[in-house]
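Okay, here's what each chain looks like letter by letter:
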Amino acid sequence: MDLTFSDAEAQFRDELRAWFENNDPGPMPEGEDASYAWRRDWQRRLADDRYAAVHWPEQYGGRGATITQSAIFFEELGRARRPLPANVLGILLAGPTIMTFGTDEQKDRYLAPILTAEEIWCQGFSEPDAGSDLAALKTRAVRDPAHPDEWVVTGQKVWTSGAQHSKWCMLVARTDFDAPKHKGLTYFLMDMEQPGVQVRPLVQITGEPEFNELFIEGARIPDENVLGGVGNGWKVALTTLMNERSGLAFFLQVRLRQLLDELIEEAAERGLLDDPVVADKLGYLHMKAEILRLTAYRGLTTIEKYGTPGPEGSLTKWMWSETNQELAQFAADLIGPDALTNGNRWAYELLRSRGNTIEGGTTEILKNIVAERVLGLPRLKGAA
Ligand SMILES: Cc1cc2nc3c(=O)[nH]c(=O)nc-3n(C[C@H](O)[C@H](O)[C@H](O)COP(=O)(O)OP(=O)(O)OC[C@H]3O[C@@H](n4cnc5c(N)ncnc54)[C@H](O)[C@@H]3O)c2cc1C
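Residues numbered from 1 in each chain as written. Predicted model: local features only at pLDDT ≥ 70, side-chain atom pairs only at ≥ 80, totals over all residues. Heavy atoms only, no water.

(A) Summary view of helix 11 (residues 363-374). With 12 residues, helix 11 should cover 16 Å at 1.5 Å per step; its first-to-last C-alpha distance of 15 Å lies within 8% of that length. Regarding helix 11, the residues found buried are T363, L366, V370 and A371. Projection of helix 11 onto a plane perpendicular to its axis shows the buried side chains occupying an angular sector of 140 degrees, all on one side. The exposed set on the far side of helix 11, more than 90 degrees from its buried face, consists of E364 and R373. Directly after helix 11, the chain includes G376, whose backbone phi takes a positive value near 70 degrees. (Helix = DSSP H or I, 4+ residues; strand = E, 2+ residues; numbered from the N terminus. Expected span 1.5 Å × (residues − 1). Buried < 20%, exposed > 50% of the residue type's maximum accessible area, 1.4 Å probe, protein only. Arc of directions from axis to C-beta.)

Printed below as a string of C-alpha cells:
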C-alpha cells in the first residue's frame, strides 16, 4: 500500500485549499430554517464551480473525480471548517443511485436540481420495525385499478433525516406480498409535496429536530418514478447503502482530529496537561484518531484496487463513532458540570455522538460484518 499522493492529486488538493480560502460562507446563523438556508446557499456556491459533487461525472455537473480525489475533497472541506452541502443525501445517495439505475428521462429530470440544492432529498428506508433488517419493511405500494400506471402507497417511515426540507424521498416499499421478503420490494422516487405525505418532526436529545416520522396514507407515485424496475428494490437500495459512507469517512476523520485539538487546547487552558491521567487519555485518543485516518486510507486503496468497498468502511464507521463518543465523554469528565450546561458546545457533542453508533448502520451490525468478512466467523443464525 502506497499512501503518497500523485502530483495530480497534490495539485487538486492545492486548488481546493485556494478555493476554500477564497470562498468563506461566514458564520452560520442561528435557528433551524436560517441555518438550513445558509447551507443551501453554500451548496449553490460549490455547484457554481462544480465542487458540489466532485465524484459525479462532468456531464452531470461534477468533476469526474476519482475516489482518492473525492476523499481529498472531503478532507479539505473538513480542514477548511466548511459545512457539508445541504443536500448531502441527494449528492451522496440519490444522485449516484439514479445514475446507476435511472432511465435517461430520470437522469435529465432529477440530477441537476440535486446539485444546486433546488430539490432536497431524504431517505425513506427505516420503519418502526425495520431498520437494520431493511427487507422486513411493511410500507405497501399497490397499483390503482382505476389508474394502472399509478401506485398508491400506505405505511410509516421513521428517522427520516431532513424530510422537513425535502421535495423528494428515496422510498422503498413492498409491492409483492407473496414473494420472499428481499424479492418483493420496489424503489420509488416519491414526491413529498402531496396530500398523502405527512412529516412529523422528532426532537432529538440535542433539542434539534434533525429527523422525522413520515406517515404515508394513499400517496400516489406514477410508474415513471419507479427506479430500477418493479421488484428490484433490494438491489437498488443496496446501491444507495453502498454509497452512504463514501468520502464522508474522510470528512468525519478530519473533524474528529479538530475536536481532539480543541480538547487539548481546553485542557491546556485549564492547566491540566501535566496531569498524567489526562495526558494518557489524550495520547490514547490521538492514537485512535491516527488509526482511523490510516484505516480510512486503507479502505481507499481497496476501492482503487478492486473497484468495490471492502470491510474497512465498516471498521472506520465503527471506530469513528465510538472514538467520537469517547472523546466527547472525556471532554465532559475534564470540564466537569460546566460541559453539560445548555449552550456549551461539548454538551452538544456529547449528546449528538449517541446517534453516531446507530445511524448509517449500528455498531452491532458493523461488528457482525467484521466478524464474518474479516475474521471469517460463521454467519449469525437468524441475522438480517
Ligand atoms: C441520527 C440518525 C439519522 C438517521 N437518518 C435516517 C434516514 O435519513 N433515513 C433512514 O431511512 N433511516 C435513518 N436512520 C435510521 C437508522 O438507519 C436506523 O436507526 C438503523 O438502521 C437501526 O435500525 P433500528 O433503529 O430499527 O434498530 P433495530 O434494527 O431494531 O436494532 C435495535 C438494536 O438491535 C441490534 N441488532 C439488530 N439486528 C442485529 C443483528 N442481526 N445482530 C446484532 N445486533 C442486532 C442493533 O444494532 C440495535 O442495537 C437514522 C438514525 C439516526 C440515529
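Read on for the rest.
(B) A look at the nonpolar core. Core analysis: the biggest nonpolar cluster contains 52 residues, and F20, F73, F74, W121 and Y187 have the highest contact counts within it. Examining the composition of this core, we find that eight residues originate from one element, helix 4 (residues 88-101), more than from any other. In terms of nonpolar packing, the next biggest core, distinct from the first, is built from 22 residues, L282, F330, W346 and L350 among them. (Core = buried A, V, L, I, M, F, W, Y, C linked by side-chain atoms within 4.5 Å.)

(C) How the structure looks around the pattern of salt bridges. All told, the structure shown has 25 salt bridges when counted by the stated rule. For E326, the salt bridge identified is with K288, shortest N-O distance 3.0 Å. One end of the pair, E326, is in helix 9 (residues 312-335); the other, K288, is in helix 8 (residues 276-306), with 38 residues separating them in the sequence. With relative accessibility at 21%, the residue E326 sits in the partly exposed group. Judged by relative accessible area, which is 18%, K288 ranks as buried. The partner of E349 in a salt bridge is R345, and the shortest N-O contact between them spans 3.1 Å. Note that E349 and R345 are positioned in helix 10 (residues 345-356) at a spacing of four residues, about one turn of the helix. On the accessibility criterion, E349 (17% relative accessible area) is buried. Overlapping salt bridges, with partners in common, bring together R13, R17, E75, E76 and R79 in one network. (Salt bridge = Lys/Arg side-chain N within 4 Å of Asp/Glu carboxyl O.)

From the geometry alone we can't say anything about function, so treat these as descriptive.
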